[in-house]
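Here's the letter readout for the chains.
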Amino acid sequence: MGSHSSLYRTLFGLLGFSARLPSSLCYGQLPLGPSLVTNEDEELPAYRDASRCINERVEDLIERMTVEEKAGQMFHPQLFMGPNGTLDEGDNTIFPRNGTDFMIGDQLLTHFNLVADITDARQVAEFHNRVQQRALETRLGIPITLSSDPRHAFTENIGTGFSSGRFSQWPETLGLAALRDADLVKKFAEVAREEYLAVGLRASLHPQVDLSTEPRWARISGTFGEDAQLTSELLTAYIKGFQGEELGRHSVSTITKHFPGGGPMQNGEDSHFVYGKNQTYPGNNLQYHLIPFKAAIAAGARQMMPYYSRPIDTEYEPVGFSFNEGIVTDLLRDELGFDGIVITDWGLITDTEIFGEPFPARAWGVEDLTELERAARILSAGCDQFGGEARPELIVQLVNEGIVSEERLDISVRRLLREKFILGLFDNPFVDPDAAERVVGNDYFVRLGEDAQRRAYTLLTNKNDILPLRKASSNTKFYIEGFNATLLQNRNFTVVGAPADADYAILRLDAPYERRPGFFESLFHAGSLEFAADQRERQAAIYTAVPTIVDLKLDRPVAVPEVAEGAAALLASFGSGPEAFLDVIFGLAAPEGKLPYDLPRSDEAAKANLEDVPFDTKDPVFKFGHGLRYADQCADAGNGEPGDCAVAW
């Protein structure tokens, strides 16, 4: 793995790319895994007794905890893996951080977000067990809850998050949305759950259920698109797949984000940055963005994450959502009835520096508060856990100075500990490295993901039914851009160096965006939805020279009517690899996707949108739901009824 790739993915992890059970539920009669070792001469503490009800175990543990131990539960920083699966010793250089032993043994932390790609399942499982063993050595032996950002999407952009590594590779959630198939979404989530469980991941920093009503926003790739009802249907299947019908020992707890919906960003900017801190509702349409969160609560969502943004020109105070009591307590908890865990997005308290670039805490609207005051404000708003940093000493200080009561800590700690008990972590926190090696990336899971990548392709234009290219032969010459020539050569096709020498051109194009200055900002695909003039001119020359098939990799909407006009065929993809693309254009698979959002005609049209209103772009090039199918070429040849055309894999 190249050093730059590793650094980009690590940085992304650092900065937050993140059926109700009866309260008296007892697991005493359920079969347990291997119990934790205890001294037979000592009386078993109630919280260690798996025959007791969860509430009794939680209350017994809380009574035994110091303020410091309670404060440690309330932070959720990143966890790095050391060489060969050892505990990380920390670093004071590129990514300053404390070592694992210090965070668990001194800061008493028990929730972590695993950073870096998973390329060796056995090694990660062994690392996880070492982490759990270190936690057992603390005074109370509270087990670790390890979380993860999304890891299953195929990606060629090393800046957008973790690669799937050893995990099966699926389309982005936009690709799942393009297929409109809730059963497939649930199957994906069940597969992802099994791979997560195998290496010890017990919480997912997803699903992301923001609605893409502002097409310029840089974080649309992780959503289900623009439609609230479709998003609600698919996220319900997603949550059920990860958690099961009820949360338990074989579940992964989901963190639904970003409440109350991060889509309506002012001018399409993102609130990681000070110039994008405002969220706006010119169409008075907040209720539309709440629809997916209501569905998530009904589906049994366990945890919620507010976004960084602050609401502008609404009834709510213009401060960041995690600082906002009107949003977290009045709206989420009281009005919508959510009584689960609320974890903040990453880095709301502490200013930091990345590669020499200042990166302030995303304390929008309360920038003038001290770190101590920010922490108090977040607790007062109703949040339970601080994401992406580790400052438990601030919570201890708040209690010691009488600013926050210990009883207030107990409210949050009770929620956090109950989740651990329900997940079975107190009774068997360890995983089987042999099983991890068998489960993660097994042939069946991989085949399901690759099939979904092919199916998610969305056919936007197909002039004269040029696709599929079933009659192409070894003599057919192709000019290509955007993927490796060996992929075509391995299929016995000829690749040439100029469009004029080709029978067809095949282009895989990234969606246009404006590169921003600064290391971290440059990873966000923001700004213009149009190709620059020189790119349009270059592409037009190819379209004129030879019939051209274009794959647009849509991590957000685009405004490219000239591509739709000039290309012989235009497809959209949402996290599918080049092999899937070639299978589709050569007829080994068929595109089944439908657009999960409108594609505007121009930047001006996008700018004229009301940020919070869906489907209001004027005269879109393609509308939500557009997606063609291949003409049936088998029925006329006597090979069956329409729709019976055989596909060979």
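Refer to the structure above for everything that follows.
Note that the coordinates shown come from a computational prediction; the quantities given were computed from them, not determined experimentally. (Residues numbered from 1 in each chain as written. Predicted model: local features only at pLDDT ≥ 70, side-chain atom pairs only at ≥ 80, totals over all residues. Heavy atoms only, no water.)

### Some thoughts on the overall build of the chain
Stage number 1. Summing up its helical and strand segments, the chain has 20 helices and 19 strands in all.
Stage number 2. Considering the chain as a whole, with its 649 residues, one finds that 61% of them fall into the buried category.
Stage number 3. Total accessible area computed for the chain in this model is approximately 24500 Å², and 47% of it derives from carbon and sulfur atoms. (Helix = DSSP H or I, 4+ residues; strand = E, 2+ residues; numbered from the N terminus. Buried < 20%, exposed > 50% of the residue type's maximum accessible area, 1.4 Å probe, protein only. Areas by Shrake-Rupley, 256 points an atom, 1.4 Å probe, with all protein chains shown as cover.)

### What to know about the environment of His289
Stage number 1. Within the secondary structure, His289 sits in helix 9 (residues 286-298).
Stage number 2. Classification of His289 by relative accessible area gives buried; the value is 1%.
Stage number 3. For His289 and Pro260, which are 29 residues apart along the polypeptide, the C-alpha to C-alpha distance reads 6.7 Å.
Stage number 4. If sequence neighbours within four positions are ignored, His289 has contacts with Leu211, Thr213, Pro260, Pro264 and Asp612.
Stage number 5. At 3.0 Å, the side chain of His289 and the backbone oxygen of Asp612 are in polar contact. (Contact = heavy atoms within 4.5 Å. Polar contact = N/O pair within 3.5 Å; in protein donor to acceptor, adjacent residues only side chain to side chain.)

### Observations concerning empty space enclosed by the protein
Stage number 1. Of the volumes computed, that of the largest cavity is approximately 90 Å³.
Stage number 2. As for the largest cavity, its lining consists of 13 residues, and the residues nearest its centre are His111, Thr145, Gln303, Ile341 and Glu419.
Stage number 3. Secondary-structure elements contributing two or more residues to the lining of the largest cavity are strand 6 (253-259) and helix 13 (406-422).
Stage number 4. Here the lining of the largest cavity gets 3 residues from one element, more than from any other, and that element is helix 13. (1 Å grid on protein atoms, 1.4 Å probe; cavity = no way out; pocket = protein on both sides within 12 Å on 5 of 7 lines; lining within 4 Å. Points joined across faces, edges and corners; volume = space filled by probe spheres on them.)

### Structural notes on helix 5 (residues 121-136)
Stage number 1. Taking 1.5 Å per residue, 16 residues should reach 22 Å; helix 5 reaches 23 Å between its end C-alpha atoms and fits that length.
Stage number 2. Of all the positions in helix 5, only Ala121, Val124, Ala125, Phe127, His128, Asn129, Val131, Gln132, Arg134 and Ala135 are classed as buried.
Stage number 3. In this structure, the buried side of helix 5 is in contact with strand 2 (78-79), helix 4 (100-105), strand 3 (111-114), strand 4 (145-148), helix 7 (182-199) and helix 14 (433-439). (Expected span 1.5 Å × (residues − 1).)

### Concerning the sheet that holds strand 1 (residues 75-76)
Stage number 1. The strand order 1-13-10-8-6-5-4-3-2 describes an open sheet built from 9 strands, whose pairing is parallel. The outermost strands of the open sheet, each flanked by one partner alone, are strand 1 and strand 2.
Stage number 2. Looking at chain direction, strand 1 and strand 13 (residues 385-387) are connected through 2 bridges and run parallel. Each bridged residue has a counterpart across the sheet, and for Phe75 the counterpart in strand 13 is Phe386. (Pairing = 2+ DSSP bridges.)

### Some remarks on the side chain of Glu69
Stage number 1. Structurally, Glu69 is set in helix 3 (residues 67-73).
Stage number 2. A relative accessible area of 8% means that Glu69 is categorised as buried.

### Let's talk about the pairing of strand 6
Stage number 1. With 7 of its 7 residues buried, strand 6 lies for the most part within the structure.
Stage number 2. The sheet contact formed by strand 6 and strand 8 (residues 303-306) spans 4 bridges and is parallel. Each residue of the ladder has a partner; that of Ile255, found in strand 8, is Gln303.

In short, the description is geometric, and any link to function would need to be established separately.
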